[in-house]
Amino acid sequence: MTNSSLVQARALRKEYGRGDGLVRAVDGVDLDIAPGERVAVMGPSGCGKSTLLHLLGGLDRSSGGELWFHGRRIGQLSERALAEMRRKEVGFVFQAFHLMEELTAQENVELPALLAEVRPWAARRRARDLLERVGLGDRAGHLPSALSGGQRQRVAIARALVNEPVLVLADEPTGNLDSAATLDVLRIFEELHAAGQTLVIVTHDERIGATADRLILMYDGAFVDETTLVGGTRRSLSTLIGLEDSAGE
Amino acid sequence: MQQEAVLALLAKEPAHAYQLRARLDDALGPLGEGLNAGHIYVTLGRLERAGLVVVEEPCAAPDRSDRKLYTLTPAGQERVSQWLSELSWPKPDLAEFHLKLIAAAGAGLTDPISIIGAQRRELLRRLRDAQHAVMGEPADSDASLLLEGIVLRLQADLRWLEACQRNWASRRSNHRRSDQ
Amino acid sequence: MSRLFVILRLAGRDLRHRPGEAVMLVVIIMAATAALALGLLLQGTTAHPYQTTREATSGPDALATDFPAGTGAPASPAALRQIAPLARAQDVDGHSGPLPVAFPVLTFNGHADAVLAEGRGNAPAAVDQPELTEGSWVHVGAVVIERSFADALGVHAGDRITLNGRPFRVAGVAVAAAFPVNGVGFLEGSSQWPNPGLIWTTTADAESLATRQYPLGYVLNLKLTNPADAENFADRFDPGGYTNNTGGLYVIPWQMISHQDGLLMAHEQKILLVGSWLLALLAVGSLAIVVGGRMAEQNRRVGLLKAVGGTPALVAGVLLAEYLALAVIAGAAGLVAGRLTAPLLTSPGAGLLGAAGAPQLTLPVIALAIGVALAVATLASYVPALRAARTSTVDALADAARPPGRHARLTAYSTRLPVPLLLASRLAVRRPRRVLLGSLSIAVTVSGIVAVLFAHATLAISQSAGPAVTTNPGLADVGFISQTARENQVLLTITIMLIVLAAVNVTFITWATVQDSRHATALTRALGATAGQLTAGLSAAQLLPATVGALAGIAGGYGLFTAANQGASASQPPAWWLITAVLGTLIAVAGLTAVPARLAARLPIAETLQADGP
């Protein structure tokens, strides 16, 4: 196991059902994620990318294979240890936002901190700061029903960051958002990446996928293609409208 | 219709004009309806003048265009290779890319999958650049509107490329199976 | 017609889809209906039992007695001369006797008591022939014991007893209308035997049991031409009534006996009345929870039905069909259950024919109980259907109509609590009405238990105090014991029913809470709470209101008992009884909630989150 990886998976598998009804949601996946890397996983619906993310985040247990996170083997962790991992080391952003309807934005964001037994005033301060960072400082006291989809997702992102996790996992974060809201989320991810946050994003939106350092294509539970997008010379944007010789690289 | 497409269709083996026409029809299906019959001959003429193809006349036939057999010259072959590995995407010209893949597969020159992969990577990089440009622009500027259009088109093209990938990958696995 | 078919199909498929829910609904409606029916039935008990026994045994319209006034008085021949002429008095239509009565001391199983031994012949008497409920009639050396007395002693046909030291066998057990059920107040003429038991022997045996200290007395059972006039008849021969304590001739009309029985019953009926109100309260509480819980869940289904093209009428039809089916089944089952349990509580003193005196399942009772069940059905389906007609389909699908409750200050305060309590308080705040109902149902149950404890303590004291006069300190007041034993039995049965209903309530509330908060639970676990913390939180969300309810129940129980006791003397049960009751209730609640809580806290996170929305 390479020490530089934050997350490492070998032959990771997740199966449901039995016999004829056996479904291999994740079918032998090998993955290495370095700290600070931004990885996108794309694929058609039902290809298993969400399941993979759940496995990485400790929301589900694998059926086989090995998974290391932050130096530890996840498969052997107890329920309690997994919960602690989810609490302190992983931040999850869901497509459906999953905010508590009866809590304000600030109360939603501070909840993981309270679960991590952070002092109430410290939790509240962290929540406030994070809401400022995502541009919702003036909406801290609003209920989710009073927020737009994009704003709700930004609250969810703030919530995912409140315990300063080493890994942020986002499952179709812009799936329910319009273009403008999608841009907001992309900007936040850009900032996070610039600050060194490790991100794994599952998406079917090529715009999101294109911003990643590495784009993995998934099909039928397995990785079928991997593209490294970072690096390479920066070309003039004019090539986009065919304004200079289209000699390519 | 790029003349390179016609050129590439000769890469597999020499062909008569009408055979080329048939290959084009096969590849384009109903989309090839509007193809002007004469266009092929004009293109072939140009290619011949450019020295990329050469005509072999069968011995005992009179001088008739439709009996001419066209072959690639070495210069023509090189042009084909160059064209196959070109990654430019100046105007969305799906038909050209589509023919590129078919020609490559037919000629056995390059694996269509790798062509698709390379083109995908290029488009992704362009999308990434465009996306970055969008984020750098103020929301209502004219440029941001244009950039949004470019992003959306690139997104659409990428989706098609993914479909191409799946399609050609399954063709390949079918082939393998039937070969066994 | 085809629309009806569609409705039935949809309703049936829906029920099959969620059998667990349907079963829980049936159980709770059944329990509530049973409790309600029982409550109603108990309230309807009348003085019927005496009437029925009187008819079955040809009870006398008037009872003439001539007992010795005290020890040593040679009453026998004089008594006979005094009492015999009444048999031929005016207005007398028939008679049996004069029957000799002796006053031996009966011992059985180490227990000793004074009894009245009435001598009988083999042939059935014309007036007052006791009805055997066990064994056979008297013959030489074998006696028949009156049923309430036999119950108190624990004696059955075939057992061996002694009378005045002589061995006798028990031939059988019977009931009669000629004496009040346990003789309270009746024989005040003989102050030394305030509450003797009653047995029947052969005439010869009775005569042989007379002693010099307690000679024979006589009893004459009379049938009058005008039974309604029995009181005037009695006045003619005994103008002083039996308030004189000096022995001699007394004539007692049947109305007086009935009244005495009634007095006995009054005490029990007080208990039954209070118990029935408690049961009815709990029943209504359960139904409120059911209706409230189901109403909320209907919104989404209504939305789905509308989205696939159902008109509001169709939607209402489907919901109504489901609930009607369940409510009718549950209601009928509950009625039957209530009817079956009622005799346990109201068998009116073993001294009267219990089965015949059982509470009647009259039409009003049936109608009311089934009516309640149907009302639940209609409410549960009508209100959401009505709402469905008004809200847009989209809103209904999003289940926007019933967001979880919010309390800003409590939420803010809860941040200072340890994690399980934080979760518990936030869970409770989401559905405040359900919390309140849960708390109330525990309060009602504990009130009942505490009232019972008070009653028990009071009875125990008065039991040990007993009748003031006992010549022999070893003699216990068996009749009185039998009454208190029965009262205790009634109290116990009511308490058990309260506990059962409360348990059903608590289980249903827990289940509803768990269902309701499935999504929130999964989300909280995804954010890092452990399953253990959530189990504790879900449990505590029930337990904390239950504690409040239990403490309120202590005060409530005391108030209940005081009200029912109507100012009579009361005594307090020992403090540890009350503490045990409260602690026991809380432990039971914790147990009932822990299991569903644990199951809920261990559901797979990802699946639950992806299931239908918050």
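Residues numbered from 1 in each chain as written. Chains lettered and ligands numbered in written order. Predicted model: local features only at pLDDT ≥ 70, side-chain atom pairs only at ≥ 80, totals over all residues. Heavy atoms only, no water.

> Describe the overall build of chain A, listing the residues and the values that go with them.
When helices and strands are tallied, chain A shows seven helices and ten strands. Its C-alpha atoms give chain A a radius of gyration of 19 Å, near enough to 18 Å, the size a compact globule of 249 residues would have. Along the first, second and third principal axes, the C-alpha set of chain A runs to 55 × 55 × 35 Å. Here chain A holds 249 residues, and the buried ones make up 55% of them. (Helix = DSSP H or I, 4+ residues; strand = E, 2+ residues; numbered from the N terminus. Rg over C-alpha atoms; globule rule 2.2 N^0.38 Å. Buried < 20%, exposed > 50% of the residue type's maximum accessible area, 1.4 Å probe, protein only.)

> Got a sec to walk through the sheet that holds strand 3 (residues 69-72) of chain B? Specific residues and values, please.
Residues and elements named next belong to chain B. With antiparallel pairing, the three strands of this open sheet are ordered in space as 1-3-2. Either end of the sheet is taken by a strand with one partner, and the two such strands are strand 1 (15-16) and strand 2 (53-56). Taken together, the four bridges between strand 2 and strand 3 define a ladder with antiparallel strand orientation. Of the residues in strand 3, the one forming a bridge with Val 54 is Thr 71. Together, strand 2 and strand 3 form the strand contacts of helix 3 (residues 37-49), whose direction differs from that of strand 2 by roughly 105°. (Pairing = 2+ DSSP bridges. Contact = heavy atoms within 4.5 Å. Axes fitted to C-alpha atoms, helices over the stretch in contact; angles between N-to-C directions.)

> Pulling in residues and values, what's your account of a nonpolar patch on the surface?
On the surface, C:Leu320, C:Leu324 and C:Val328 cluster together into a nonpolar patch covering about 200 Å² of accessible area. Counting through the fold element by element, C:Leu320 comes out in helix 9 (residues 312-346). (Patch = residues over 30% accessible without salt bridge, like charges linked within 9 Å, V, L, I, M, F, W, Y side chains within 5 Å. Areas by Shrake-Rupley, 256 points an atom, 1.4 Å probe, with all protein chains shown as cover. Salt bridge = Lys/Arg side-chain N within 4 Å of Asp/Glu carboxyl O.)

> Residue-level account of the pattern of salt bridges, with values.
All names here are of chain A. Counted according to the given criterion, the structure contains 27 salt bridges over all chains. We note a salt bridge from Arg 10 to Asp 32, for which the minimum N-O separation is 3.0 Å. Here Arg 10, found in strand 1 (residues 7-16), pairs with Asp 32, found in strand 2 (residues 23-33); they are 22 residues apart in sequence, far enough to count as distant. Here Arg 214 and Glu 37 are joined by a salt bridge, their closest N and O atoms 2.6 Å apart. Here the residue Arg 214 occupies a position in strand 9 (residues 214-219), and Glu 37 occupies one in the loop between strand 2 and strand 3 (38-42), the gap between them amounting to 177 residues. Here Arg 214 falls in the buried class, since its relative accessible area comes to 11%. Several salt bridges converge on common partners, so that one network encompasses Arg 13, Glu 15 and Arg 24.

> Describe the domain arrangement of chain B, and please don't skip the residues or the numbers.
All names here are of chain B. Domain boundaries in chain B define domain 1 (3-85) and domain 2 (94-179). Taken together, the contacts link eleven residues of domain 1 with 13 residues of domain 2. For the pair domain 1 and domain 2, the summed buried area comes to about 980 Å², and 78% of that belongs to carbon and sulfur atoms. The largest per-residue losses of area from domain 1 upon contact with domain 2 belong to Ala 27, Trp 83 and Leu 84, which jointly make up 54% of the total buried on that side. On inspection of domain 1 and its partner domain 2, the count reaches two residue pairs in polar contact (both at pLDDT 80 or more). Among the elements of the structure, helix 1 (3-9), helix 2 (17-28) and helix 4 (74-84) are those that each provide at least two residues to the side of domain 1 that touches domain 2. Within the side of domain 1 that touches domain 2, the residues separate by chemical class into ten nonpolar, no polar and one charged. (Domains from an automatic or database assignment. Buried area = accessible area lost by both parts, 1.4 Å probe. Polar contact = N/O pair within 3.5 Å; in protein donor to acceptor, adjacent residues only side chain to side chain. Nonpolar A, V, L, I, M, F, W, Y, C, P; charged D, E, K, R; others polar.)

> Lay out the confidence of the model for chain B in plain terms, naming residues and giving numbers.
Detailed reading of the predicted coordinates is not advisable wherever pLDDT falls low. The pLDDT averaged across chain B works out to 82; a share of 87% of its residues lies at or above 70. The complex prediction reports pTM at 0.70, with the ipTM value standing at 0.89. (pLDDT = per-residue confidence, 0-100.)

> Quick one: what's the story with the side chain of A:Asn108, residue by residue and with numbers?
Residue and element names in this part refer to chain A. With respect to the element layout, Asn 108 can be found in helix 3 (residues 105-115). Looking at Asn 108, its side chain comes within polar contact range of the main-chain oxygen of Leu 103, at 3.1 Å. Discounting residues that sit within four places of it in the chain, Asn 108 has contacts with Leu 99, Met 100, Leu 103, Pro 144, Val 155 and Arg 159.

> Which residues make up the pairing of strand 3 of chain B, and what are the values?
With two bridges connecting them, strand 1 of chain B and strand 3 of chain B associate as antiparallel partners. Bridge pairing in strand 3 of chain B places B:His16 opposite B:Leu69.

> I'd like to hear about the interface of chain B and chain A, residue by residue, with values.
At the interface, 25 residues of chain B touch 30 residues of chain A. Roughly 2700 Å² of surface becomes buried between chain B and chain A when both sides are summed, with 58% attributable to carbon and sulfur atoms. In this assembly, chain B and chain A are joined by two salt bridges. The partner of A:Asp225 in a salt bridge is B:Arg120, with the nearest N and O atoms 2.8 Å apart. Breaking the side of chain B that touches chain A down by element, the ones donating at least two residues are helix 6 (112-136) and helix 7 (142-179) of chain B. The greatest single-element share of the side of chain B that touches chain A, amounting to 15 residues, is contributed by helix 6 of chain B. For the side of chain B that touches chain A, the class distribution of residues is ten nonpolar, four polar and eleven charged.

> Talk me through the environment of A:Ile157; I want residue IDs and the actual numbers.
Residue and element names in this part refer to chain A. Tracing the chain through its elements places Ile 157 in helix 5 (residues 149-161). Considered as a pair, Ile 157 and Asp 178 are 21 residues apart in the sequence and their alpha carbons are 17 Å apart. Excluding anything up to four places from it in sequence, Ile 157 contacts Val 93, Val 185, Ile 188 and Phe 189.

> Provide a residue-level description of the packing of aromatic side chains, including the pertinent values.
Following the criterion strictly, the structure yields five aromatic pairs over all chains and no others. The interplanar angle of 70° and the centroid separation of 5.9 Å between the aromatic rings of B:Phe97 and B:Trp160 together place this pair among those described as edge-to-face. Placement of the pair is B:Phe97 in helix 5 (residues 94-107) and B:Trp160 in helix 7, with a sequence separation of 63 residues. According to the relative accessible area criterion, B:Phe97 is buried, its value standing at 3%. Ring centres of C:Trp137 and C:Trp200 lie 6.2 Å apart, and the angle between their planes is 40°; on these two criteria the pair is classed as tilted. Highlighted residues: C:Trp137 in the loop between strand 5 (131-135) and strand 6 (142-146) and C:Trp200 in strand 9 (residues 197-202), separated in sequence by 63 residues. For the residue pair C:Trp137 and C:Trp200, the accessibility class agrees, reading buried in each case. Taking the ring centre of B:Trp168 as reference, the NZ or CZ of B:Arg171 above it sits at 3.9 Å. (Phe/Tyr/Trp six-rings, centres within 6.5 Å; stacked < 30°, edge-to-face > 60°. Lys NZ or Arg CZ within 6 Å of the ring centre and 35° of its normal.)

> Report on the side chain of B:Thr71, specifying residues and quantitative values.
All names here are of chain B. Checked against the element boundaries, Thr 71 lands in strand 3. Residue class for Thr 71 comes out buried when judged on its relative accessible area of 15%. If we ignore the near neighbours within four places in the chain, the residues touching Thr 71 are Pro 14, Leu 52, Val 53, Val 54 and Glu 56.

> Explain the sheet that holds strand 9 of chain A to me, and be specific about the residues and the numbers.
Residues and elements named next belong to chain A. Taken in spatial order, the six strands make up an open sheet running 6-7-8-3-9-10, and their pairing is mixed. At either margin of the open sheet sits one strand with a lone partner, and together these are strand 6 (90-93) and strand 10 (222-228). Neighbour to neighbour, the strand axes of the sheet diverge by 15° on average, direction disregarded. Looking at chain direction, strand 7 (residues 167-171) and strand 8 (residues 198-203) are connected through five bridges and run parallel. Bridge pairing in strand 8 links Asp 171 to Val 202. Across the sheet, helix 5 lies against strand 6 and strand 7, angled at about 170° from strand 6, the strand it touches most. Against the sheet, helix 6 (residues 179-194) touches strand 3, strand 7 and strand 8, its axis set at about 135° to strand 3.

> Tell me about the interface of chain A and chain C, and please be specific about residues and values.
On the side of chain C, 26 residues touch chain A, which itself brings 26 residues to the contact. For the chain A and chain C pair, buried surface summed over both sides reaches about 2400 Å², with 64% attributable to carbon and sulfur atoms. Interface area lost by chain A to chain C is led by A:His98, A:Glu102 and A:Leu115, which between them contribute 25%. Across the chain A-chain C interface, the total number found is three salt bridges. Among the ionic pairs, C:Arg430 bridges to A:Glu102, the shortest N-O distance being 2.8 Å. Here chain A is connected to chain C by seven residue pairs in polar contact (both at pLDDT 80 or more). Put simply, the parts of the chain that give the side of chain A that touches chain C at least two residues each are helix 2 (79-88), helix 3 and helix 4 (120-133) of chain A. With six residues, helix 3 of chain A is the largest single contributor of residues to the side of chain A that touches chain C. Partitioned by chemical class, the residues of the side of chain A that touches chain C number twelve nonpolar, three polar and eleven charged.

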